[in-house]
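Each chain is listed here by its residues.
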Amino acid sequence: MANMQVDERLQHIAFIMDGNGRWAKKRGMPREYGHSVGSKTFERVVRYCGDIGIRTVTVYAFSTENWKRPEKEVQAIMGIFREYLATALKKAEDYCIHLMFLGDRSVFPENVRVLMDRLERETAHHPLTLNIAINYGGRDEIVHAVNTLIAQGKTEITEEDISANLYTAHCPPPDLIVRTGAEQRLSNFLLWQAAYAEFYFCDTLWPDMDEEAVDAAVAAFYERKRRFGGV
Ligand code: FPP
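A brief report on the enclosed structure follows. (Residues numbered from 1 in each chain as written. Predicted model: local features only at pLDDT ≥ 70, side-chain atom pairs only at ≥ 80, totals over all residues. Heavy atoms only, no water.)

## A look at the nonpolar core
Here comes step 1: Core analysis: the largest hydrophobic core is formed by 46 residues, its most contacted members being Phe 15, Val 57, Leu 130 and Ile 132.
Here comes step 2: Sort the elements by how many residues they give to this core and helix α3 (residues 71-95) lands first, with eight residues.
Here comes step 3: Not counting chain neighbours up to four residues away, the residues in contact with Val 57 comprise Ile 13, Phe 15, Val 46, Cys 49, Leu 128, Thr 129, Leu 130 and Asn 131.
Here comes step 4: Counting 12 residues, the second largest nonpolar core, distinct from the first, contains Ala 133, Tyr 167, Ala 194 and Ala 197. (Core = buried A, V, L, I, M, F, W, Y, C linked by side-chain atoms within 4.5 Å. Buried < 20%, exposed > 50% of the residue type's maximum accessible area, 1.4 Å probe, protein only. Helix = DSSP H or I, 4+ residues; strand = E, 2+ residues; numbered from the N terminus. Contact = heavy atoms within 4.5 Å.)

## Quick word on the side chain of Asp 215
Here comes step 1: By secondary structure assignment, the location of Asp 215 is in helix α7 (residues 211-223).
Here comes step 2: If we ignore the near neighbours within four places in the chain, the residues touching Asp 215 are Asn 3, Met 4 and Tyr 48.

## Looking at the packing of α3 against helix α4 (residues 110-122)
Here comes step 1: Between α3 and α4, the shortest axis-to-axis distance is 11 Å and the interhelical angle comes to 20 degrees. One way to sum up the angle between α3 and α4 is to call them roughly parallel. Both α3 and α4 take part in a crossing whose hand is left-handed. Packed against α3, whose contacting residues are Phe 81, Arg 82, Leu 85, Ala 88, Leu 89 and Glu 93, the element α4 presents Val 112, Leu 115, Met 116, Arg 118, Leu 119 and Glu 122 at the interface.
Here comes step 2: A class-by-class count of the residues in the contact of α3 with α4 yields eight nonpolar, no polar and four charged. (Axes fitted to C-alpha atoms, helices over the stretch in contact; angles between N-to-C directions. Parallel < 35°, antiparallel > 145°, perpendicular 65-115°, else oblique. Left-handed = near helix turned anticlockwise from the far one by under 90°. Nonpolar A, V, L, I, M, F, W, Y, C, P; charged D, E, K, R; others polar.)

## A short note on the pairing of strand β1 (residues 12-16)
Here comes step 1: For β1, the tally of buried residues reaches five of five residues, placing the bulk of the element in the interior.
Here comes step 2: Burial of β1 is two-sided: the residues His 12, Ala 14 and Ile 16 facing one way and the residues Ile 13 and Phe 15 facing the other way are all buried.
Here comes step 3: Looking at chain direction, β1 and strand β2 (residues 56-63) are connected through five bridges and run parallel. What sits directly across from Phe 15, in β2, is Val 59. (Pairing = 2+ DSSP bridges.)

## Thoughts on the sheet that holds strand β5 (residues 176-179)
Here comes step 1: Read across the sheet, six strands follow the order β3-β4-β2-β1-β5-β6 without closing on themselves; strand pairing throughout is parallel. Each end of this open sheet is capped by a strand with a single partner; those strands are β3 (97-102) and β6 (198-201). Adjacent strand axes in the sheet meet at a mean angle of 20 degrees when their direction is disregarded.
Here comes step 2: For β5 and β6, the ladder comprises four bridges, and the chain directions are parallel. Following the sheet pairing, Arg 179 is matched in β6 by Phe 201.

Rendered as structure tokens:
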């Protein structure tokens, strides 16, 4: 059970779930095993974020660049995604989750796209928004938003126009972006939305991420002074 509660300063937390491959290799196991354990960690972390009062959680599950990985690994992650979709409605009901998917879904088969749309619609009444970024790229997202605006006949656009046409139009920008796995980069994640986010990097490999590690990230967030460009 959660021993801390966040306030309105921390409404949206986003995770770059890095380190699955290394976690598995350290155990002499294939990288796919790391993703499988990482998917359990993902569910546990999302539940805990809900318990401590966070209203939006975003996870980076698969980037537009991840297709470059070996076919076996890509298939394993897509298999985990399909398995998650199959049980997602029940889990969303149990944990009061509104599921949303960020990314270019045109690459997915029609039955998968239909299911994604349905899950978004049928869970929309729940208070905890979970954004799963899948076939997501920050640059791709901005280009997509601009092309949507062009198609609407716009010849001049504002920041608000772009924000309103991103995959994240339904939620506030992230207050905190957590990257596990000891790398310190954004890897094309939420480029536009991260403008004033706080960053937290930790050495923990994603499958080892737990409640205590989330608490540490949240505590670090509350140590920061956010000025949003002011003084
Ligand atoms: C990065 O670690 C992780 C990924 C590219 C995949 C993340 C996917 C999951 C946690 C499970 C999928 C969940 C859903 C809902 C689809 P890495 O493989 O780059 O790790 P490494 O840096 O140690 O190689």
